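Spelled out, the chains give:
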Amino acid sequence: MTRCGQARIMVINSTDIVNKMISYHHTTPTASAVLGRVMTGASLMGCMLKDKGNSITLTFRGDGPAGMVMAVADYKGNVKGCIQNPGVDIPLKPNGKLDVSGAIGGGVMQVVKDIGLNEPYIGISEIRSGEVAEDITAYFAESEQVPTLLALGVLVDTDLSCKAAGGVIIQLMPGAGDEIIEKLEKNAMALSNVSKLFSDGLSNEEILDLAMTGIEYDLFDEIDVGYVCDCSVERTERAVISIGRKELEEIYKTQEKIEVTCRFCDKKYYFEKDYILGRIEDDE
Ligand code: ZN
């Protein structure tokens, strides 16, 4: 938080998160950049939630070859993600960068916030550029009326692992003055290639210093964030049962057990015919 209280900033190094994601989803470099950016953005948005149990789901429903891209973050910034087409492979952009916007395409971006109320908060906005950071910035401006500067980056190595990934978000508090806005915007130019800063070895604090050049600030929190999947046998069982008796009986005609793979962490769950049909009987 700036000492004047007019802006707050968060810096995340998401390299480990993206590498864990690659190990689960075996993504191409383009898919790694797409989902890596979405997960990094979701993690930052998750850290803004207030209470235990709160979560945020960020989904890009574009018409590009990546298909649907989704990340879910908890209130501590732990995140998981999935992409419909982890094999998306399109040519680089003329500037040599991975074509994130081409992979996402046009469509809508959806934010679902579960903050413990009966109904979750749902915000939908049009995908602006498909570069992810700009789309999230537009969402904050329109749906939450919070002026935001956001940089997200994923650098993929020649061995397909993530060399560096991270993000910086700066949000203005109500009543922020022109002077600080000018300074922040000027400093933001140094953040335009945030994954390179991390790959050059800069620490979160050093990147924070770059963003806050000429501005006094205080450091409040340091949080460890990771790729965390909270899937469980109980939740998966409920999902299987929700398919309904008729459909399940149909499925079990040809197989003795149903296999369900978690789309976030690839964990496999198996459900035997007698057990599941017995559970439905108990419910009826
Ligand atoms: Zn899982």
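Here, the structure is the one placed above.
Quick caveat, the model's predicted, so the values are computed rather than measured.

Conventions and cut-offs
- Residues numbered from 1 in each chain as written.
- Predicted model: local features only at pLDDT ≥ 70, side-chain atom pairs only at ≥ 80, totals over all residues.
- Heavy atoms only, no water.
- Helix = DSSP H or I, 4+ residues; strand = E, 2+ residues; numbered from the N terminus.
- Polar contact = N/O pair within 3.5 Å; in protein donor to acceptor, adjacent residues only side chain to side chain.
- Contact = heavy atoms within 4.5 Å.
- Donors = N, O, S within 2.8 Å, 3.2 Å for Na, K, Ca; no water.
- Tetrahedral: all angles 85-135°; square planar, octahedral: opposite > 155°, others 65-115°.
- Buried < 20%, exposed > 50% of the residue type's maximum accessible area, 1.4 Å probe, protein only.
- Pairing = 2+ DSSP bridges.
- Axes fitted to C-alpha atoms, helices over the stretch in contact; angles between N-to-C directions.
- Arc of directions from axis to C-beta.
- Phe/Tyr/Trp six-rings, centres within 6.5 Å; stacked < 30°, edge-to-face > 60°.
- Lys NZ or Arg CZ within 6 Å of the ring centre and 35° of its normal.
- Salt bridge = Lys/Arg side-chain N within 4 Å of Asp/Glu carboxyl O.

K.L.:
Describe the side chain of glutamine 171, naming the residues involved and giving the relevant values.
P.N.:
Tracing the backbone through its elements, the reader meets glutamine 171 in strand β8 (residues 162–172). Within the structure, the side chain of glutamine 171 is placed 3.0 Å from the side chain of threonine 148, a separation counted as a polar contact. The residues touching glutamine 171, leaving out its near neighbours within four places in the chain, are Gln6, Ala7, Arg8, Met48, Phe140, Val146, Pro147 and Thr148.

K.L.:
If you had to explain the coordination of the zinc ion to someone new, which residues and values would you point to?
P.N.:
Only Cys229 (SG), Cys231 (SG), Cys262 (SG) and Cys265 (SG) from the protein coordinate the zinc ion, and they sit 2.2 to 2.3 Å from it. Because the angles between the 4 donor atoms bound to the zinc ion fall within 105 to 114°, the donor set is best described as tetrahedral. All donors of the zinc ion belong to a single chain; written as a sequence motif, their spacing is C-x1-C-x30-C-x2-C. Here the residue cysteine 231 occupies a position in the loop between α7 (204–211) and α8 (233–241), and cysteine 265 occupies one in the loop between β9 (257–261) and β10 (268–272), the gap between them amounting to 34 residues. Look at cysteine 265 and you get buried, because its relative accessible area is 12%.

K.L.:
Please set out the pairing of strand β2 (residues 55–62) residue by residue, giving values where relevant.
P.N.:
Counting buried residues along β2, 6 of its 8 residues qualify, which places the element largely inside the surrounding structure. Bridge count between β2 and strand β3 (residues 69–74): 6 bridges; the pairing is antiparallel. By the bridge assignment, isoleucine 56 is partnered in β3 with alanine 73. Where β2 folds back on β3, the antiparallel hairpin that results is connected by 6 residues, among which glycine 67 adopts a positive phi of roughly 70°.

K.L.:
Can you lay out the sheet that holds strand β1 (residues 7–13) for me, pointing to particular residues and giving the numbers?
P.N.:
Strands sit in the order β1-β8-β7 across an open sheet of 3 strands; the sheet is antiparallel. The strands lining the two open edges of the sheet, one partner per strand, are β1 and β7 (148–156). Adjacent strand axes in the sheet meet at a mean angle of 5° when their direction is disregarded. In the sheet, β1 pairs with β8 via 7 bridges, with the strands oriented antiparallel. Following the sheet pairing, isoleucine 9 is matched in β8 by isoleucine 170. Each of β1 and β8 touches α7; the most contacted strand, β1, lies at about 145° to it.

K.L.:
Explain α8 to me, and be specific about the residues and the numbers.
P.N.:
Residues of α8 that are buried include every one of Thr236, Glu237, Val240 and Ile241, and no others. Summarising the axial view, the buried residues of α8 lie within an arc of 140°, below the 170-degree limit, and thus occupy one face.

K.L.:
Before we move on, could you go through the packing of aromatic side chains and cite the residues and values that matter?
P.N.:
For the structure shown, the criterion picks out 2 aromatic pairs. Centre to centre, the rings of tyrosine 24 and tyrosine 227 are 5.2 Å apart; their planes meet at 55°, and the pair counts as tilted. Within this pair, whereas tyrosine 24 is found in helix α1 (residues 15–25), its partner tyrosine 227 is found in the loop between α7 and α8, the two being separated by 203 residues in sequence. The class for tyrosine 24 is partly exposed, based on a relative accessible area of 22%. For the cation-ring pair, lysine 113 lies above tyrosine 121, with the distance from its terminal atom to the ring centre recorded as 5.6 Å. One residue, lysine 257, lies across the ring of tyrosine 270, its end atom 5.5 Å from the ring centre.

K.L.:
Report on the pattern of salt bridges, specifying residues and quantitative values.
P.N.:
This structure, assessed with the given rule, holds 13 salt bridges. Across the salt bridge formed by arginine 245 and glutamate 249, the nearest N and O atoms sit 2.8 Å from each other. Separated by 4 residues within a single helix, arginine 245 and glutamate 249 lie in helix α9 (residues 245–254), roughly one turn from each other. Judged by its relative accessible area of 26%, arginine 245 is partly exposed. According to the relative accessible area criterion, glutamate 249 is partly exposed, its value standing at 34%. Three or more residues joined by partner-sharing salt bridges are found here, namely Arg3, Glu216 and Asp218.

K.L.:
Summarise the environment of tyrosine 217; cite the residues concerned and give the values.
P.N.:
Note that tyrosine 217 resides in the loop between α7 and α8. Using a relative accessible area of 22% as the deciding quantity, one classes tyrosine 217 as partly exposed. With 134 residues separating them in the primary sequence, tyrosine 217 and isoleucine 83 have C-alpha atoms 37 Å apart. Sequence-distant contacts of tyrosine 217, that is, excluding residues within four places in its chain, are made with Met1, Thr2, Arg3, Glu205, Leu208, Asp209 and Met212. A polar contact of 2.6 Å, which involves the side chain of tyrosine 217, links it to the side chain of aspartate 209.

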